[in-house]
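Secondary and tertiary structure notes
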Amino acid sequence: MASVGLFYVGAVLFINGVMLLGRVEPRAGAIMNLFVGGLQVVTPTFLIFTANGDQDTILLASGLYLFGFTYLYVGIGLLAGLDSTGVGWFSLFVAIAALAYSFMNFTRLADAPFGVIWLYWSFLWSLFFVLLGLKQEWLTRYTGWVALIEGWVTAAIPGFLLFSGYWSTSSTTAIVLAVIGVAMVLVLLPTARRDRRDRGAHAQPAPTPEPTAPAPDRPVSTR
């Protein structure tokens with residue numbers, strides 16, 4: 001059940017990425033956030049209630065609320081026209097919590113691929129914090145591309161492989177994911193640098209021309 005929810009997290013990250021790139025109108029994108037946000041609240045609630053005290057199941061399910069609440073927060077905020085700082089600062093909480101979930105996947109759960117995936121999510125939600133919480137709008141396109149790529153790499157593809165029975169928890173999978181993640185960050189960096197430079201140039205006021213003294217009248221020749 002969690003793998004099905006993960007697949008649709010890929011869909012909403014893809015939509016949000018495209019929205020940040022200016023291809024989807026925000027109020028239209030809000031609907032998908034509400035759909036997936038609701039799913040990511042119902043799913044972990046069901047998993048926890050049926051876990052029969054299994055601590056590993058409860059641990060895995062508890063992390064899903066971080067994303068469910070994010071998408072509901074985004075969807076409601078977009079429809080109501082709310083300021084984005086609340087989502088931004090909540091994203092900081094998610095980014096920090098994701099590091100703990102990453103550690104638990106690497107150690108207690110012995111699931112290195114999802115240890116790497118949680119690091120992906122920590123990075124993306126850190127970007128959401130800087131973009132939405134701190135209003136660093138030059139990161140908009142960079143964050144959009146990262147969200148779009150992560151929608152496929154960390155959610156849609158793993159989710160599909162999980163519920164179809166082809167997902168591998170081997171160290172090879174973790175290494176491939178890590179290489180893709182580092183490549184994503186480095187390849188997209190020029191986009192962020194260019195947007196920051198362009199936004200800085202547009203923010204600077206045009207220089208005020210300094211007054212110049214009028215040229216003295218040329219004396220009229222009497223010759």
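Anyway, here's the lowdown on the structure attached to this text. (Residues numbered from 1 in each chain as written. Predicted model: local features only at pLDDT ≥ 70, side-chain atom pairs only at ≥ 80, totals over all residues. Heavy atoms only, no water.)

**A look at the overall build of the chain**
To be explicit about the condition: Working definition: helices are DSSP H or I runs of at least four residues, strands are E runs of at least two. Numbering for both runs from the N terminus. All radius of gyration figures rest on C-alpha atoms, and the globule criterion is 2.2 Å times the number of residues raised to 0.38. For every residue, the accessible area obtained with a 1.4 Å probe (protein chains only) is divided by the maximum for its type, and the residue is called buried under 20%, exposed over 50%, and partly exposed between those limits. Note on definitions: a residue-residue contact is assigned when non-hydrogen atoms from the two residues lie within 4.5 Å. Reported accessibility uses the Shrake-Rupley method at a 1.4 Å probe radius. Residues are deemed covered only where the shown protein chains occlude them. Positive charge is attributed to Lys and Arg, negative charge to Asp and Glu, and no charge count is given to His or to the chain ends. Charge placement uses NZ in Lys and CZ in Arg. For Asp and Glu, CG and CD serve respectively.
Regarding its fold elements, the chain presents 7 helices and 0 strands. Taking 17 Å as the expected radius of gyration for a compact globule of 223 residues, we find that the chain reaches 24 Å, considerably beyond that expectation. In terms of its C-alpha atoms, the chain occupies a principal-axis envelope of roughly 115 × 40 × 25 Å. Within the chain, buried positions represent 39% of all 223 residues. The long-range fraction of contacts in the chain, counting pairs at least 24 apart against all pairs at least 6 apart in sequence, stands at 74%. When the accessible surface of the chain is totalled, it reaches about 12,600 Å², and 68% of it is carbon and sulfur. Averaging the locations of the 12 positively and 11 negatively charged side chains of the chain gives two centres separated by 12 Å.

**So, the packing of helix α3 (residues 55–80) against helix α4 (residues 85–106)**
To be explicit about the condition: Angles shown run from 0 to 180 degrees and are taken between the N-to-C directions of axes, each axis being a line fitted to C-alpha atoms and, for helices, limited to the stretch in contact. Angle categories: roughly parallel below 35 degrees, roughly antiparallel above 145, roughly perpendicular from 65 to 115, and oblique for all the rest. Helix crossings get a hand from a simple test, with the near helix turned counterclockwise from the far one by less than a right angle marking a left-handed crossing and a clockwise turn marking a right-handed one. Classification convention: Asp, Glu, Lys, Arg as charged; Ala, Val, Leu, Ile, Met, Phe, Trp, Tyr, Cys, Pro as nonpolar; all other residues, Gly among them, as polar.
Contact geometry for α3 and α4: axes closest at 11 Å, N-to-C directions at 160 degrees. It follows from the interaxial angle that α3 and α4 lie roughly antiparallel. Every pair of crossing elements has a handedness; the one defined by α3 and α4 is left-handed. Contacts between α3 and α4 pair L59, L60, S62, G63, L66, F67, F69, T70, Y73 and V74 from the former with G86, V87, F90, F93, V94, A97, Y101, M104 and N105 from the latter. Broken down by class, the residue content of the contact of α3 with α4 amounts to 14 nonpolar, 5 polar and no charged.

**A look at the environment of P158**
Summarising the element assignment, P158 is placed in helix α6 (residues 140–164). Overall, P158 belongs to the buried group, its relative accessible area being 1%. Look past the residues within four positions of P158 in its chain and what remains in contact with it is L6, F114, I117, W152, V153 and W167.

**Describing α6**
Convention followed: One less than the number of residues in a helix, times 1.5 Å, gives the span that helix is expected to have. Values of bend correspond, residue by residue, to the angle between axes fitted over the seven residues ending at that residue and the seven starting there.
In this model, α6 (25 residues) spans 34 Å end to end at C-alpha, consistent with the 36 Å of a helix rising 1.5 Å per residue. At E150, α6 shows its maximal kink, close to 35 degrees. G165 occupies a position one or two residues after α6 and carries a positive phi of about 85 degrees.

**Quick notes on unusual backbone geometry**
Of note, N52 is a non-glycine position whose phi angle comes to about 55 degrees, a positive value. Within the secondary structure, N52 is located in the loop between α2 (26–49) and α3. A positive phi angle, near 50 degrees, is found at A110, a position not held by glycine. Inspection of the secondary structure puts A110 in the loop between α4 and α5 (112–133).

**Re the packing of α4 against α5**
For the pair α4 and α5, interaxial distance at closest approach is 7 Å and the crossing angle is 165 degrees. By the angle between their axes, α4 is roughly antiparallel relative to α5. Along this stretch, α4 crosses α5, giving a crossing that reads as left-handed. Tallied by class, residues from the contact of α4 with α5 come to 18 nonpolar, 9 polar and no charged.

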